[in-house]
Amino acid sequence: MSELSRSRSVTPEMAIALESETQSLKQRAAAKGLFFGAAARHRDLLSSQSLANSYIRECSVLVPEWELKWAAGDLPLRPNPDRFDFTRSDEMLRFARANGLSLRGHALVWHLSNPRWLRETLNPSNAEQLLTSHIRTVAAHFAGQIHSWDVVNEAIEVPDGRSDGLRNSLWLESLGEAYIDLAFRLTAQVDSRALRVYNDYGLQYATSSHESKRKAALKLMERLVASGTPVQAFGIQSHLRAGETRFDAERLRRFLKDLADLGLKILITELDVSDQNVPANPSVRDRLVADAYREYLDVVLDEPAVIGVVTWGLSDRHTWLSGDKPREDGLPVRPLPLDENLERKPAWWAIAQAFDNAPLR
Ligand code: 9MR
């Protein structure tokens, strides 16, 4: 019996109701066989005990937002071809393990956040060696301790004009499309326990660019699966926009089903809702942001292949959107489940209800 129901003024029925109100996102997700997690940067998470407590309370998965990229922020993971610096990523792993969270890895191969030396020296004769040494070192360093790896991130860019829809990235230019298969095989060799994910954005709306990206993504996944590439899951980043009307539940359901039919699991990997273009009034804004979370998660969590949800940040205190999608009126953006004081917002309740309504896995 909880503290609450022992106190004289609270009946057992009220205690049960209150307890279910206070269930965290990770508890509600777990009740349905799902996981909930959020991304954070080392410098934010480990410098605020109250922020850290919110992650511990709400999340079962933690994603380093910078620290496992080749080079994001001022302390690169791979400062030169021969040196790796795991200081910050190891600290995040320790934090996660000490508090019962698991760490999700993001990302082994990406066209952005690469060190300057890589961009300046990568060529067809050294690319395979550089990619191999990277994955053999990084994935091996964390072997057995990672929930899932974004092995390849954002490899599709239809406007680049290739018939296969692949992005003209530094890796594609040096290795051709074989870099994708190579990355998945290497990861499988060194850490057979982490779920291997292909991760991308721009896939959820009923716009022509999202439609053509969905097509290209399915084609890529079909090719990889058919050729025996050990990809196991598809990550849909899900950077949503409040007030966006071009959402078509049936098209999204179809895409999820097509991925599932290929035998892939699906993860929602970077969920947030930009409030850049909605009215200033904070309660109106919060409602529109919450509506976007609800509308999206109701569809996505209906698909049995979806195994969990990660938001790209947890509190409005720290979000990439303040820099990348600021509001014209200069008001702070409010895209995440908790406000800047770590209080639950309507978005939190929308996610909570979506988990509560989700079918059991
Ligand atoms: O949120 C991340 C931001 O802090 C970084 O500066 C940026 C570059 O490393 O990456 C942001 O996260 C991106 C993620 O890694 C991949 N999908 C898009 C995310 C938002 O840009």
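As the structure is a computational prediction, the values presented were derived from the model and not from experiment.

Asks: Give a description of the overall build of the protein chain that names residues and reports values.
Replies: Check the secondary structure of the protein chain and you find 15 helices and nine strands. Its C-alpha atoms give the protein chain a radius of gyration of 21 Å, within 12% of the compact-globule value 21 Å for 361 residues. When its C-alpha atoms are laid out on the principal axes, the protein chain stretches across 75 × 45 × 45 Å. Of the contacts made within the protein chain by residues no fewer than 6 positions apart, 76% connect residues no fewer than 24 positions apart. Accessible area of the protein chain: about 15300 Å², with a carbon and sulfur share of 49%. A gap of 2 Å separates the mean positions of the 45 positive and 49 negative side-chain charges of the protein chain.

Asks: Any details on the pattern of salt bridges? Residues and values, ideally.
Replies: Taken as a whole, this structure holds 27 salt bridges when the rule is applied. The shortest N-O distance in the salt bridge between Glu58 and Arg57 comes to 3.6 Å. Linking Asp302 and Arg253 is a salt bridge whose minimum nitrogen-to-oxygen distance equals 2.9 Å. Linking Asp302 in the loop between helix 13 (282–300) and strand 9 (306–311) with Arg253 in helix 12 (residues 249–261), this pair joins segments that are 49 residues apart in sequence. On the basis of relative accessibility, which here comes to 30%, the residue Arg253 falls in the partly exposed class. One connected set of salt bridges, linked through shared partners, spans Glu211, Arg214, Asp248 and Arg251.

Asks: Account for helix 10 (residues 178–190), with residues named and values stated.
Replies: Its 13 residues place the ends of helix 10 19 Å apart at the C-alpha level, agreeing with the 18 Å of an ideal helix rising 1.5 Å per residue. The elements touched by buried residues of helix 10 are strand 3 (102–109), helix 8 (127–141), strand 4 (146–153), helix 9 (170–175), strand 5 (195–200) and helix 11 (208–226).

Asks: Describe the environment of Leu331, naming the residues involved and giving the relevant values.
Replies: Along the chain, Leu331 turns up in the loop between helix 14 (320–324) and helix 15 (346–357). Measuring from C-alpha to C-alpha, the distance between Leu331 and Ala72 comes to 27 Å, with 259 residues separating the pair along the chain. Each residue touching Leu331, except ones within four places of it in the same chain, is listed here: Ala280 and Arg285.

Asks: So what about the packing of aromatic side chains? Which residues, and what values?
Replies: Here the structure, examined in full by the defined rule, presents nine aromatic pairs. On the basis of an interplanar angle of 75° and a centroid distance of 4.6 Å, the ring pair of Trp348 and Trp349 is categorised as edge-to-face. Exposure remark for Trp348: the relative accessible area of 0% places this residue in the buried category. When its relative accessible area of 31% is taken as the criterion, Trp349 is described as partly exposed. Ring pairs connect the aromatic residues Trp70, Trp117 and Trp171, which therefore count as one cluster.

Conventions used here
- Residues numbered from 1 in each chain as written.
- Predicted model: local features only at pLDDT ≥ 70, side-chain atom pairs only at ≥ 80, totals over all residues.
- Heavy atoms only, no water.
- Helix = DSSP H or I, 4+ residues; strand = E, 2+ residues; numbered from the N terminus.
- Rg over C-alpha atoms; globule rule 2.2 N^0.38 Å.
- Contact = heavy atoms within 4.5 Å.
- Areas by Shrake-Rupley, 256 points an atom, 1.4 Å probe, with all protein chains shown as cover.
- Lys, Arg positive; Asp, Glu negative; His and termini not counted.
- Charge placed at Lys NZ, Arg CZ, Asp CG, Glu CD.
- Salt bridge = Lys/Arg side-chain N within 4 Å of Asp/Glu carboxyl O.
- Buried < 20%, exposed > 50% of the residue type's maximum accessible area, 1.4 Å probe, protein only.
- Expected span 1.5 Å × (residues − 1).
- Phe/Tyr/Trp six-rings, centres within 6.5 Å; stacked < 30°, edge-to-face > 60°.

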